[in-house]
Amino acid sequence: MSNQRMPTHVMGVSLLYKCNFSCEHCGYIYIGDAEDHIIHPGYRLTWDQVVTAIKDCASLKDSYWNMNYTGGEPTLWEEEGKDLADILIATANAGVLPTFNTNGSYFEDYENCHKFFYRYLNNTDTPLKTFISMDKFHKNYDQEKGRAKSLDTIAKVIAAFPDNKRDLLPVHVIIIVTKDPNSSLPEEMKKHYGAMGITFGDFPMLNIGKAKKLSDQMPEPFDFGPMRQKKGNGPPGMVLVGDDYYLGSKKIGKLGHMLDLYPDGV
Ligand code: SF4
């Protein structure tokens, strides 16, 4: 039976600096306003560091972690024949829920896309949510036709899986919006892909990273509704960069020592 539990904690994992896009609003490779983080050209987490982080998450009793892999572009991560799919499989097999953010470019190619998801589902029955960033800054969709090659290909690949496997591969498009009320994706496009089960959500451009230069386009702060409450003293989530765990812009812990942050458990 597939695992559809809701996570209790979230860890963002910045896998590498490298990206094949150069979006003018990029905030992914920045940790809030932190000046001391190490995501610079050449930055890349090693396989050993990733495995240590997975063990950290899996070791906290009575919790169910979601590890969300980002970059740069996480599909570009590789080490000695291992790639992002290996990381996601290792995460799932350790009892942690994997998700990842991508610009979708890797999935435009049918063979790549099929191989990636096929290999994942051949090794685990844990759901894998794919978040695709798509907006006018990424320029990764056809603005005239309201179609995206990555979404077309992913939808085709997922449709080829049997019913019981399709549910394990949800896809959500994150749209970075500005103060321009028309900055979201076209409604017709959302409807077209929505019929295939792909969901969409607006997310405000944040005043971090390169986006700081676009302050004239910055939207009003969003109301995300009440934050989920969590019992216990430890943080509800964090971001891993190199050997350090961050909460917002602040370093709070060391890789391999996450349990120190939860002395009283969850
Ligand atoms: S926003 Fe994403 S796709 Fe664009 S440059 Fe930054 S990491 Fe790459």
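Our subject in this report is the structure included herewith. Worth saying up front: this structure is predicted, and the values here are computed from it rather than measured. (Residues numbered from 1 in each chain as written. Predicted model: local features only at pLDDT ≥ 70, side-chain atom pairs only at ≥ 80, totals over all residues. Heavy atoms only, no water.)

1. Some points on the overall build of the chain
Here is step 1 of the chain: When helices and strands are counted, the chain shows 6 helices and 11 strands.
Here is step 2 of the chain: The C-alpha radius of gyration of the chain comes to 18 Å, within 12% of the 18 Å expected for a compact globule of 266 residues.
Here is step 3 of the chain: Reported as C-alpha extents along the three principal axes, the dimensions of the chain are approximately 55 × 45 × 40 Å.
Here is step 4 of the chain: Counting the 266 residues in the chain, one finds 50% classified as buried.
Here is step 5 of the chain: Contacts in the chain between residues far apart in sequence, at least 24 positions, make up 76% of those at least 6 positions apart.
Here is step 6 of the chain: Here the chain displays about 13700 Å² of accessible surface, and carbon together with sulfur accounts for 52% of that area.
Here is step 7 of the chain: Between the mean site of the 29 positive side-chain charges and the mean site of the 34 negative ones, the chain shows a separation of 2 Å. (Helix = DSSP H or I, 4+ residues; strand = E, 2+ residues; numbered from the N terminus. Rg over C-alpha atoms; globule rule 2.2 N^0.38 Å. Buried < 20%, exposed > 50% of the residue type's maximum accessible area, 1.4 Å probe, protein only. Contact = heavy atoms within 4.5 Å. Areas by Shrake-Rupley, 256 points an atom, 1.4 Å probe, with all protein chains shown as cover. Lys, Arg positive; Asp, Glu negative; His and termini not counted. Charge placed at Lys NZ, Arg CZ, Asp CG, Glu CD.)

2. Here we look at the nonpolar core
Here is step 1 of the chain: Among the nonpolar cores identified, the biggest contains 66 residues, and Met11, Leu15, Tyr69, Phe117 and Leu151 are the most heavily contacted of them.
Here is step 2 of the chain: At 6 residues, helix H2 (residues 84-93) tops the list of elements feeding residues into this core.
Here is step 3 of the chain: With residues up to four places along the chain from it excluded, the contact list for Phe117 reads Phe107, Leu128, Thr130, Ile154, Val157, Phe161 and Leu169.
Here is step 4 of the chain: Listed in part, the 8 residues of the second largest apolar core include Phe137, Ile176, Leu214 and Met218. (Core = buried A, V, L, I, M, F, W, Y, C linked by side-chain atoms within 4.5 Å.)

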